[in-house]
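Structural features, examined
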Amino acid sequence: MRLLLDENISHRIVASLAQTFPGSRHVSEVGLAGASDDVIYDWAVTNGFALVTKDDDFVALAAARHFAAPLVLVRLGNVTNQAVLKSLVELSDRITALINGETRIVEII
């Protein structure tokens, strides 16, 4: 499963995600810096990525689009990049279940 990290998730953790989630990218790497939520979500759908974000607005957007792109909602508050990375890696089984269609949203709290 490839992850697309929203702007509110640091681009600095992409390289560290490579072993667990190969092919993951940050929105800034794919020309989506400053793009609207709609554009980012559509790009994730079109390119087969799960979207990782702290933005609650994506929940309503994803629901309206029948969770066409799986969503990982990070609700850890103001934590370090390493804490976000650790949580993503530790929950890789739950996140991988997204690709199998077992669930369409994972919340990290």
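The structure contained in this document is the topic of the report that follows. These numbers come from a predicted model, not from an experiment. (Residues numbered from 1 in each chain as written. Predicted model: local features only at pLDDT ≥ 70, side-chain atom pairs only at ≥ 80, totals over all residues. Heavy atoms only, no water.)

1. Focus on the pattern of salt bridges
Across all of its chains, the model carries six salt bridges by this definition. The salt bridge partner of Asp 38 is Arg 65, with a shortest N-O separation of 3.0 Å. Of this pair, Asp 38 sits in helix 2 (residues 37-47) while Arg 65 is found in the loop between helix 3 (57-64) and strand 4 (71-74), placing the two residues 27 residues apart along the sequence. Residue classification places Arg 65 among the partly exposed residues on the basis of a relative accessible area of 28%. Each of the salt bridges in this network shares a partner with another, and the network as a whole consists of Asp 38, Asp 42 and Arg 65. (Salt bridge = Lys/Arg side-chain N within 4 Å of Asp/Glu carboxyl O. Helix = DSSP H or I, 4+ residues; strand = E, 2+ residues; numbered from the N terminus. Buried < 20%, exposed > 50% of the residue type's maximum accessible area, 1.4 Å probe, protein only.)

2. Side note on the nonpolar core
In this structure, Leu 3, Leu 5, Ile 13, Leu 17, Val 52, Leu 88 and Ile 95 are the most contacted members of the largest nonpolar core, which totals 18 residues. Looking at this core, the elements with two or more residues in it are strand 1 (2-5), helix 1 (14-17), strand 3 (49-53), strand 4, helix 4 (81-90), helix 5 (92-99) and strand 5 (105-108). Top element by residues in this core is helix 4. It accounts for three residues. Those residues in contact with Ile 95, other than ones at most four positions away along the chain, are Met 1, Leu 3, Phe 21, Val 72, Leu 88 and Val 106. In this structure, Phe 49, Leu 51, Ala 62 and Phe 67 belong to the second largest nonpolar core, which totals 15 residues. (Core = buried A, V, L, I, M, F, W, Y, C linked by side-chain atoms within 4.5 Å. Contact = heavy atoms within 4.5 Å.)

Treat this as a map of the structure, not an account of what it does.
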